[in-house]
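Okay, here's what each chain looks like letter by letter:
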Amino acid sequence: MAKYIFVTGGVVSSLGKGIATASIGLLLKSRGMKVTLQKFDPYINVDPGTMSPFQHGEVFVTEDGAETDLDLGHYERFINENLTRNHNLTTGQIYNSVIEKERKGVFLGGTIQVVPHITNEIKDRIRKFANSVDVIITEIGGTVGDIESLPFLEAARQMQIEEGRNNVIYIHLTLVPFIETSLEYKTKPTQHSVKELQSLGIQPDIILCRTKLPLPQDSKDKIALFCNVPKQAVIEAIDVADIYEVPLLFAKQGLDRLIVNLLHIKNIVPKPKLVNWENYIYKSKHPEVKIPIGICGKYAKLRDSYKSVIEATYHAATNLNVKADLHWIESETVNSDCVKEKLAGLAGIIIPGGFGVRGIEGKIATIEYFRKNKIPFLGLCIGLQCAVIEFARDECGMAEANSTEFNPKTKYPVIYLLPAQRGKRKKGGTMRLGKYPTSIKKNTIAYECYEKSIIWERHRHRYEVNNRFISVLQKHGLVVSGIYEKDKLVEIIELKNHPFFLATQFHPEFTSRPLRPNPLFTGFVKAVKAYAQKSNLYT
Ligand code: GLN
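Quick notes on the rules
- Residues numbered from 1 in each chain as written.
- Predicted model: local features only at pLDDT ≥ 70, side-chain atom pairs only at ≥ 80, totals over all residues.
- Heavy atoms only, no water.
- Helix = DSSP H or I, 4+ residues; strand = E, 2+ residues; numbered from the N terminus.
- Rg over C-alpha atoms; globule rule 2.2 N^0.38 Å.
- Buried < 20%, exposed > 50% of the residue type's maximum accessible area, 1.4 Å probe, protein only.
- Areas by Shrake-Rupley, 256 points an atom, 1.4 Å probe, with all protein chains shown as cover.
- Lys, Arg positive; Asp, Glu negative; His and termini not counted.
- Charge placed at Lys NZ, Arg CZ, Asp CG, Glu CD.
- Pairing = 2+ DSSP bridges.
- Axes fitted to C-alpha atoms, helices over the stretch in contact; angles between N-to-C directions.
- Parallel < 35°, antiparallel > 145°, perpendicular 65-115°, else oblique.
- Left-handed = near helix turned anticlockwise from the far one by under 90°.
- Contact = heavy atoms within 4.5 Å.

(A) Inspection of the overall build of the protein chain at higher detail. Helix and strand counts for the protein chain come out as 18 helices and 23 strands. On C-alpha atoms alone, the protein chain measures out to a radius of gyration of 25 Å, which is about the 24 Å that the 2.2 N^0.38 rule sets for 539 residues. Overall, the protein chain is about 75 × 60 × 45 Å in size when its C-alpha atoms are taken along their principal axes. Evaluated residue by residue, the protein chain yields a buried proportion of 58% over its 539 residues. Roughly 23100 Å² of accessible area belongs to the protein chain as shown, and the carbon and sulfur atoms make up 51% of that amount. Looking at the protein chain, you have 71 positive and 57 negative side-chain charges, and the mean spots of the two groups are 2 Å apart.

Written out as structure tokens, the structure reads:
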């Protein structure tokens, strides 16, 4: 019989609920349980695929091509498992499916209501995993008190009645602010948010307290008393430099023991087995050197938009015993006049994915600088497209080369719309999405990194390299080292006589895990380390 854990958040958003949820997942998995993690997002969009990065941050793409919340990236990285579209649900999806059923007459003339129809649909989506795992951990997005999240909380409340107290628990993450002027911790916001939860019929079993500094015992005792939980159920979630340390800090406070006891789970590994994880944290805290890597994109101020790219870079660096010192470059501020002044001192650059023409010329100028100065470059999706445009313009005599995304009338459309995308009007889930195989050519950087002829990576794009220009690009030295055989699409390009110049149409960042970094990121960071050493750029 499956056990259920619901994770809610109180006081403010952005407390790291996704990381707390992922950490709980890892702890239970490390005690031998089969777990899965699921996120409910209360907004009405069907998925975040159509939302601006300003609103939402990164869109994480699953293997099966779902465009999901960035917390799914944390889940995959912590529990080291591939998730699917069933692991991220939104209010939009729930209502869509209930309305579809109503139109088909499934409800036999009944009046369709939030309770029970919407809440039943939510519970069905949770129970979908009941036969395949031991524990289902469901994170409810938003903050308790939001109007939108009410049906999800109501469904979570009903679950305990239906499944029994020993099978369903609630974990609430709140903020305990430290007031500098009076040098005091304040527990009142936590008390209020727990009261709000209680008024909905949910009594949290465990309270995770996000704090800046260690939480004194008297504050913990006060939270326990006012929030109606035992003292040992108040757990500190202190700010950490490396998010992967969170499970270790929770384990130290006995969080896994608490959960196992509350859920009456028997016959399991007595302690979390996390030796490799601990080694990773040790390495991350004791790097041999620091190397400066630039990330040049349109949303340089919005770090959440590049979450998986940042994490993938850190995974590769940590495993190579170095610290990636990330420098953010807003692509719109770069042009050929200032490129040197802006980018000198970097030992490598990443151009991550993106959409639209804004900042494109800055990315192209950046790539030219790294190509000509033989400094490591890794391009991802739009990064590949910009690298092809730059190469066509500068090396192949096509000064007006462009992508039809940026200039529909360009004389040399070296990047153009995928044939399968033509005529598509509907937005949302209509790009080339999810995993596809790439065949890799021997004796290339890509092959050296992957050491395999076929690899699978995840995609999210509408445009591609125009095969009409391939022979001229190749004639001038561009190497196409990976293709999607079936439709003959360019997947990887690179250059010879350069320490590391490689770009991919797919997004390798989505498959990187702390203990299993993506091979292209490892190859890139190795090259950056070598370049930094040679050029005295250790920081
Ligand atoms: N805008 C480009 C396309 O649609 C690149 C997408 C991306 O970088 N994810 O093909």
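Resuming the write-up.
(B) Layout of the sheet that holds strand β23 (residues 501–504). The strand order across the open sheet formed by nine strands is β13-β12-β14-β15-β23-β22-β21-β18-β19, and the pairing between neighbours is mixed. Lying at the two open borders of the sheet, with one neighbouring strand each, are β13 (322–330) and β19 (454–461). In this sheet, neighbouring strand axes are inclined to one another by 25° on average, regardless of whether the strands run parallel or antiparallel. Here two bridges tie strand β12 (residues 289–297) to strand β14 (residues 349–351), and the two strands are oriented parallel to one another. The partner of G294 across the bridge, within β14, is I349.

(C) Structural detail: the packing of helix α7 (residues 188–199) against helix α8 (residues 217–227). In contact at an axis separation of 10 Å, α7 and α8 are set at 25° when each is read in the N-to-C sense. When the axes of α7 and α8 are compared, the pair comes out roughly parallel. At the point where α7 passes α8, the crossing takes the right-handed sense. Contact residues: α7 offers T190, Q191, V194 and Q198, while α8 offers K222, I223, F226 and C227.

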